[in-house]
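Residues per chain, in single letters:
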Amino acid sequence: MYAVGLTINMISLFALIITLGIVVDDAIVVGEHADFRARRLGEDPKSAAENAARRMFTPVFAATITTIIAFFGLTAISGRFGDLVQAIPFTVIVVLTASLIECFLILPNHMAHALAHSAKEHWYDWPSRQVNKGFRWFRSRIFRPFMAGVIWARYPVLAGVIVVLASQVALFINNDVTWRFFNAPERASITGNFAMLPGATRDDTLEMMRALQDAVDDVAEGYEAEHGRNPVSYVVAEVGGTTGRGLAGADTKEPDQLGGIAIELIDADLRPYSSFTFLGDLQDAAPGHPKLETLSFRGWRSGPGGDSLDVQIFGATAEILKAAAEELKTTLAQYPEVSGLEDSLAYDKEELILELTPQGEALGLTIDGLGRVLRDRLGGIEAATFPDGTRTAEIRVELPEGELTADFLDATQIRTPGGAYVPLADIVSITARTGFSTVRRENGTRVVSVTGDISEDDPSRAQEISTALEREILPELESNYSVETQMAGLSEQEDAVLSDAMTGLVLCLAGIYLTLAWVFSSWTRPLVVLAIVPFGLVGTIYGHHLWDVPLSMFTVVGLIGMVGIIINDSIVLVTTVDEYSENRGLTPAIIDAAADRLRPVLLTTLTTVLGLAPLLYETSRQALFLKPTVITLVYGLGFGLVIVLLVVPALLAVGHDISSHVAATRRAARTRDAETKWLILGVGAGSALLFAATVGAVILTGRLPEAVAGALPAIDPTSPVAAFAVFLTLLATILAVVWLAAGVIAHRRTRAS
């Protein structure tokens, strides 16, 4: 950490806790295999330790490398959120590297001594012996028959696991498990700022401030009566300025028309409600005032996230953009969970627009010349400058203050090009208009930003508000005002982070695949191991649903890390199956390998799951944003244990079936029997044409061909899922017909012979 500039903080300590269970996995696999060789094969302790390290070097090295690659994928996340999580991949990679070195350079010597010691029975090892006896009974009497049943019912097993995965994905699709990108830890601070209308006096601002202070006291007393403790630590009020982030356009206001109040609550762990709950009640109790222009409350969060609600409006004049922004704020203010609504287009002081009348134009006056004259009279002119020591002094000519009165425009005389003086009021028409202090532009286009915050106390409600904003409120706003809108702030950061995470996931899957291809010396065997990765979502979604925690960015962090961890046991299992299948059939090899690897699979999973499980019960509000990662790893890896013992053996058996059918098809295609050869070629060509006419057509043209769509009017011709269903149905029909035809041919040949 010192070398790369990292510190020991909440994130790096969290990464160390993650590695507590992972770091012993390598030692468990090597140590258990050394124990296996000593007990089952009768090797002496030194030979058992050496042979175990030699035998397990390739799978353990591959398992560690795949985990390192998976966590290295997190470095693809850039920006402020990438800086937030960068300590996790660095810490895990360094610890795993040290673990790998220790596993093969130090552990074998320790194991040799441990095996020599365990060769003699000791009274204090009696509990261990009883556990081993029970485990052996379970493995031989229950687990081995169970594995034989899994292989026999391999297709129903795979179908059942897919159904379980679909049921969990349905929870997410139906919003039973919601998605909130980043639920930042709350701070115990609330700020409220307000601005009075032009013309308001300091007494009006003080009156508004006293009413606001009374509202804070009333809400705090209500919470004290309900919960037994006053939540407010202290309140700081200010007249003449704002607090916290301030208000847009506050710099153009008179100081006496501004006010701010800063509220500090007691620590979040000392109250059963969030600061945003208090803020919502304060917002409802906030007083009004006849001269109040705007009032905005805001709760504060930690972390790198921007505004959870940030909508950019563009594509119209400043007046229309302001009207659209006001309507959007009014609509969103109906939700009590929304606070701190502001827009970036603040009103300025009143402007006077002067335009020449026909009389003024007839006298030869121009609006530019008239503007220069009025600017000189109101601001003065520089008559001369002279040196004054090391500085330069100037002489200015200005009107007396007595002439700069409210009737200045009516009393001012303007000299015409002919030398005559005429009243200003006779040659110009004056229109009063309220302008804007600042008009922001991006790429030359006027943009107004409406910002605010959405309380995350109820993630489902926050998701409903976000969905309503994107699907209902903004489309209606665009239609009513002919403007364009765009989500910014935290939503924009979310798109960038998820895009980077997807890039990292693709790269780490590619790296893992290449590593496995090297280990297995095969391009297809790694697919068996990688096939279990999607099933990790079952435990992940179920865990979030059980704990009522929304999926978040840290769920994605956990998923990327889980990709490397969940396949470690699969690597060891598959390499053992390959070793056993050299001298026995595949089915006995799978059963024997699963039984022999059951202990290390259980131990590696349980050490990681039990090491992280205490974090599930962490109650500190400051650490709740890390909980999705813990849930992902605990439940994802816990269910991954079942997946490894069910899906991997079933997939190996299915792969053997497929390779047998492919080999049989190749033999049939090379046969000299014309009928069989043409039947095989016809099925292949028909399947290819069928795929092109259904799925291929939807991919290339966006819809099914008219002939297919006309024959099946009940399906959606643009749906890829419907096209794939049609392809499978017709393919099954073709195969059934081919099977019948093959049966007829075989029957005819039997009769002929």
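Treat the numbers as computed from the prediction; the structure is a model and nothing was measured.

1. A few points about the overall build of the protein
No. 1: Counting secondary structure elements, the protein contains 27 helices and 15 strands.
No. 2: A compact globule built from 753 residues should have a C-alpha radius of gyration of about 27 Å, whereas the protein, at 37 Å, is more than 25% larger.
No. 3: Dimensions along the principal axes, computed over C-alpha positions, put the protein at roughly 130 × 75 × 60 Å.
No. 4: Here the protein holds 753 residues, and the buried ones make up 45% of them.
No. 5: Considering only contacts within the protein whose residues lie at least 6 apart along the sequence, 77% involve residues at least 24 apart.
No. 6: Carbon and sulfur atoms make up 59% of the accessible area of the protein, which totals about 38200 Å².
No. 7: The average position of the 56 basic charges and that of the 84 acidic charges among the side chains of the protein differ by 17 Å.

2. Re the packing of aromatic side chains
No. 1: Evaluation of the coordinates by the stated rule reveals 11 aromatic pairs.
No. 2: Between Phe 57 and Phe 61, the ring centres sit 5.6 Å apart and the planes meet at 15°, which makes this aromatic pair stacked. With Phe 57 and Phe 61 both in helix 3 (residues 45–72) and four residues apart, this pair spans about one turn of that helix.
No. 3: Relative to Phe 104, the ring of Phe 57 has its centre 5.1 Å away and its plane inclined at 65°; by these criteria the two rings are edge-to-face. Of this pair, Phe 57 sits in helix 3 while Phe 104 sits in helix 5 (residues 87–105), placing them 47 residues apart in sequence.
No. 4: Taking relative accessible area as the criterion, Phe 57 reaches 40% and is therefore assigned partly exposed.
No. 5: Through pairs of rings, three or more aromatic residues link up here, namely Phe 57, Phe 61, Phe 104 and Trp 518.
No. 6: In this structure, Arg 584 is placed above the aromatic ring of Tyr 580, and the distance from its NZ or CZ to the ring centre is 4.5 Å.

3. Let's talk about the environment of Ile 313
No. 1: In this structure, Ile 313 sits in strand 5 (residues 309–314).
No. 2: In this structure the C-alpha to C-alpha distance between Ile 313 and Val 450, which are 137 residues apart in sequence, comes to 7.9 Å.
No. 3: For Ile 313, the contacting residues outside a window of four places in its chain are Leu 321, Ala 324, Ala 325, Leu 328, Arg 446, Val 447, Val 448, Val 450, Leu 477, Val 483, Glu 484 and Thr 485.

4. Thoughts on the packing of helix 8 (residues 154–173) against helix 19 (residues 536–547)
No. 1: Interaxial distance between helix 8 and helix 19 falls to 9 Å at its minimum, and their mutual angle equals 40°. Here helix 19 runs oblique to helix 8, going by the angle between their axes. The chirality of how helix 8 crosses helix 19 is left-handed. On the side of helix 8, the interface is formed by Val 164, Leu 165, Gln 168, Val 169 and Leu 171, while helix 19 contributes Leu 537, Val 538, Ile 541, Tyr 542 and His 545.
No. 2: Class assignment for the residues of the contact of helix 8 with helix 19 results in eight nonpolar, two polar and no charged.

5. Some thoughts on unusual backbone geometry
Trans is the common state for peptide bonds, and a negative phi is the common state for residues other than glycine.
No. 1: For Asn 175, which is not glycine, the phi dihedral falls at a positive 65°.
No. 2: Summarising the element assignment, Asn 175 is placed in the loop between helix 8 and strand 1 (186–196).
No. 3: Taking the relative accessible area as the measure of exposure, Asn 175 reaches 44% and is therefore partly exposed.
No. 4: The backbone of Ser 521 shows a phi angle near 55°, a positive value even though the residue is not glycine.
No. 5: Inspection of the secondary structure puts Ser 521 in the loop between helix 17 (490–520) and helix 18 (525–530).

Rules of the game
- Residues numbered from 1 in each chain as written.
- Predicted model: local features only at pLDDT ≥ 70, side-chain atom pairs only at ≥ 80, totals over all residues.
- Heavy atoms only, no water.
- Helix = DSSP H or I, 4+ residues; strand = E, 2+ residues; numbered from the N terminus.
- Rg over C-alpha atoms; globule rule 2.2 N^0.38 Å.
- Buried < 20%, exposed > 50% of the residue type's maximum accessible area, 1.4 Å probe, protein only.
- Contact = heavy atoms within 4.5 Å.
- Areas by Shrake-Rupley, 256 points an atom, 1.4 Å probe, with all protein chains shown as cover.
- Lys, Arg positive; Asp, Glu negative; His and termini not counted.
- Charge placed at Lys NZ, Arg CZ, Asp CG, Glu CD.
- Phe/Tyr/Trp six-rings, centres within 6.5 Å; stacked < 30°, edge-to-face > 60°.
- Lys NZ or Arg CZ within 6 Å of the ring centre and 35° of its normal.
- Axes fitted to C-alpha atoms, helices over the stretch in contact; angles between N-to-C directions.
- Parallel < 35°, antiparallel > 145°, perpendicular 65-115°, else oblique.
- Left-handed = near helix turned anticlockwise from the far one by under 90°.
- Nonpolar A, V, L, I, M, F, W, Y, C, P; charged D, E, K, R; others polar.

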